[in-house]
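Structure at a glance
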Amino acid sequence: MYVNVAVLKETQPHERRVAMVPSVVPRLIKLGARLHMECGAGDAIKLGDADFKDVAFIADRRALVSDADVVLAVQPPALEVIDAMKEGAILLCFIYAGKEKALVHRLLEKKITCFAMERVPRISRAQAMDALSSQSALTGYYAVQLGTTHLARILPKITSAAGAIGPAKVLVMGLGVAGLEAIATAHRLGAVVEGYDVRQETEEQALSLGATFVETGVDARGKGGYARELSAEEKAKVAAVLTKHIQAADLIITTAAIPGRPSPKLISKAQVAGMKAGAVIVDVSAEGGGNCEDTKPGETIEVGAVTIVAPLNVPSLLGEDASELYAKNQYNLLALMMKDNIITIDWKDEVLAKTALTHAGKLCDEDSKPAAKVA
Ligand SMILES: NC(=O)c1ccc[n+]([C@@H]2O[C@H](COP(=O)([O-])OP(=O)(O)OC[C@H]3O[C@@H](n4cnc5c(N)ncnc54)[C@H](O)[C@@H]3O)[C@@H](O)[C@H]2O)c1
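Everything numeric here is computed off the predicted structure, so don't read it as measured data. (Residues numbered from 1 in each chain as written. Predicted model: local features only at pLDDT ≥ 70, side-chain atom pairs only at ≥ 80, totals over all residues. Heavy atoms only, no water.)

Taken N-terminus to C-terminus, the directions of helix α5 (residues 131–150) and helix α6 (residues 177–188) make an angle of 40°; their axes are 7 Å apart at the nearest point. For the element pair α5 / α6, the angle class is oblique. Between α5 and α6 lies a crossing whose hand is right-handed. Counted together, S133, S136, A137, G140, Y141, V144 and Q145 of α5 and V177, A178, E181, A182, T185 and A186 of α6 form the full contact between these two elements. Among the residues making up the contact of α5 with α6, the classes are represented as seven nonpolar, five polar and one charged. (Axes fitted to C-alpha atoms, helices over the stretch in contact; angles between N-to-C directions. Helix = DSSP H or I, 4+ residues; strand = E, 2+ residues; numbered from the N terminus. Parallel < 35°, antiparallel > 145°, perpendicular 65-115°, else oblique. Left-handed = near helix turned anticlockwise from the far one by under 90°. Contact = heavy atoms within 4.5 Å. Nonpolar A, V, L, I, M, F, W, Y, C, P; charged D, E, K, R; others polar.)

What follows covers the pattern of salt bridges. Throughout the structure, instances matching the rule amount to 19 salt bridges. Across the salt bridge formed by R221 and D219, the nearest N and O atoms sit 2.7 Å from each other. Each of D197, R199, E201, D219 and R221 takes part in one network of salt bridges that share partners. (Salt bridge = Lys/Arg side-chain N within 4 Å of Asp/Glu carboxyl O.)

The next subject is the packing of aromatic side chains. All told, the structure shown has four aromatic pairs when counted by the stated rule. Judged by centre distance (6.0 Å) and plane angle (20°), the ring pair of F115 and W347 falls under stacked. Of this pair, F115 sits in strand β6 (residues 113–116) while W347 sits in the loop between β17 (342–343) and α12 (350–355), and the two are 232 residues apart along the sequence. On the basis of relative accessibility, which here comes to 0%, the residue F115 falls in the buried class. Counting every residue linked through ring pairs, the aromatic cluster contains F94, Y96 and Y326. (Phe/Tyr/Trp six-rings, centres within 6.5 Å; stacked < 30°, edge-to-face > 60°. Buried < 20%, exposed > 50% of the residue type's maximum accessible area, 1.4 Å probe, protein only.)

Moving on, we get to empty space enclosed by the protein. Inspection of the entire model under this criterion finds one cavity of 30 Å³ or more. For the largest cavity, the calculated volume is near 60 Å³. Lining the largest cavity are L8, K9, E10, T11, Q12, R61, A73, Q75, P76, P77 and A78. Residues that form the lining of the largest cavity fall into these classes: five nonpolar, three polar and three charged. (1 Å grid on protein atoms, 1.4 Å probe; cavity = no way out; pocket = protein on both sides within 12 Å on 5 of 7 lines; lining within 4 Å. Points joined across faces, edges and corners; volume = space filled by probe spheres on them.)

Covalently bonding the sulfur atom of one cysteine to the sulfur atom of another cysteine gives a disulfide. Under the definition given, this model contains zero disulfides. Free of any disulfide, C93 has its nearest cysteine sulfur in C114, 5.2 Å distant. Taking relative accessible area as the criterion, C93 reaches 0% and is therefore assigned buried. Its sulfur unpaired, C364 is 8.9 Å from the next cysteine sulfur, which belongs to C114. (Disulfide = S-S within 2.5 Å.)

Another aspect to go through is unusual backbone geometry. Residue H14 is not a glycine yet carries a positive backbone phi of 65°. You can see H14 is positioned in the loop between β1 (3–7) and α1 (25–31). Unlike most non-glycine residues, D54 shows phi in positive territory, near 60°. Along the chain, D54 falls in the loop between β2 (33–38) and β3 (55–58). We classify D54 as exposed; its relative accessible area is 65%.

Right, let's talk about the pairing of strand β10 (residues 192–196) for a bit. In this structure, strand β9 (residues 169–173) lies alongside β10, joined through five bridges in parallel fashion. Bridging across to β10, V170 finds its partner in V193. As paired elements, β10 and strand β11 (residues 212–213) share two bridges and run parallel to each other. Directly across from G195, in β11, lies its bridge partner F213. The β-α-β motif built from β10, the intervening helix α7 (residues 202–208) and the parallel element β11 has right-handed crossover chirality. (Pairing = 2+ DSSP bridges. Right-handed = clockwise from strand over helix to strand, strands pointing away.)

What follows is the structure in structure tokens.
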């Protein structure tokens, strides 16, 4: 007995990640997996098929998944992949069901048990499976790197025979996983860093990473550790405090997000107009529309003397490390359900129950256990 695991080559434009890396293969085999991958799955991160030992490569993706007990991917697969899967098989990937209605419909029709990586609960026990966090940490790091390449100045203070140059001022807005990593990176590079978030509990985290915290007097903690949307009055109060910090910054990194909502606008056109000449905004919330009113998702633009960089799918730009961490996240999730060469899903396990999106033809509510629903 063994568990047939198939890994897809990503097909969405600009997606460079792959859901399997060579270091994870032996670990999965130890759990009882037999591995198959689509030919060229690692091409985008310069991993040839020959770099994966003990994996069978198959060119035809329909043939690849038709025999699989488990299919692994990064992005939601094409409908034809679901059609070719065995009824009752397991799929692990990001889904974002709100944007993928047809796909979810097909998952239900084929009775696929789908674990959506974005649904992994944000609890300590699930940290090793938390792909949102692993990918966001890389995003936070890279946001600073992108910012420095667009700035015409350096971040640290340096002293030369010709005189001293003071450190750059970096403001990080939105202190979730990406924002905190951005603070740590900018601080390591010698910048003077400020952090801001509507969740007051982030103040301590910002301070521990070497930043100061911009206090606005507005606390907007929402459900499950996420932020809620601000009222018009709260927005005005926040803007009044933030303007002078925005205008003093050389580099601003924005990462603010509210689950299921467009990105909150933290920087207005008027605030951009008042920024220092040569300043740079790196808006990594571009996927949700961006945190700056001037942001054009996927583009780098000049607004007056300010550069606004708004990359999409940032983890994919660091495909090698992003794939390594993502593959380990998926391995850790699989390890919860693979034992003695078979798959046994314990629906009493909070991590599996909350991550499941569909099972046995039913949608799994975030707060209910699929077993109860199926029964
Ligand atoms: N295992 C764990 O315990 C674990 C792991 C990861 C994350 N978390 C928690 O999950 C939560 C979400 O983290 P995330 O990185 O996914 O966040 P996220 O991507 O949902 O949002 C990024 C940040 O934007 C902030 N934000 C939203 N609206 C804002 C506004 N108007 N102005 C300023 N900031 C605003 C949020 O408070 C958040 O800190 C956090 O509480 C984090 O600590 C817990």
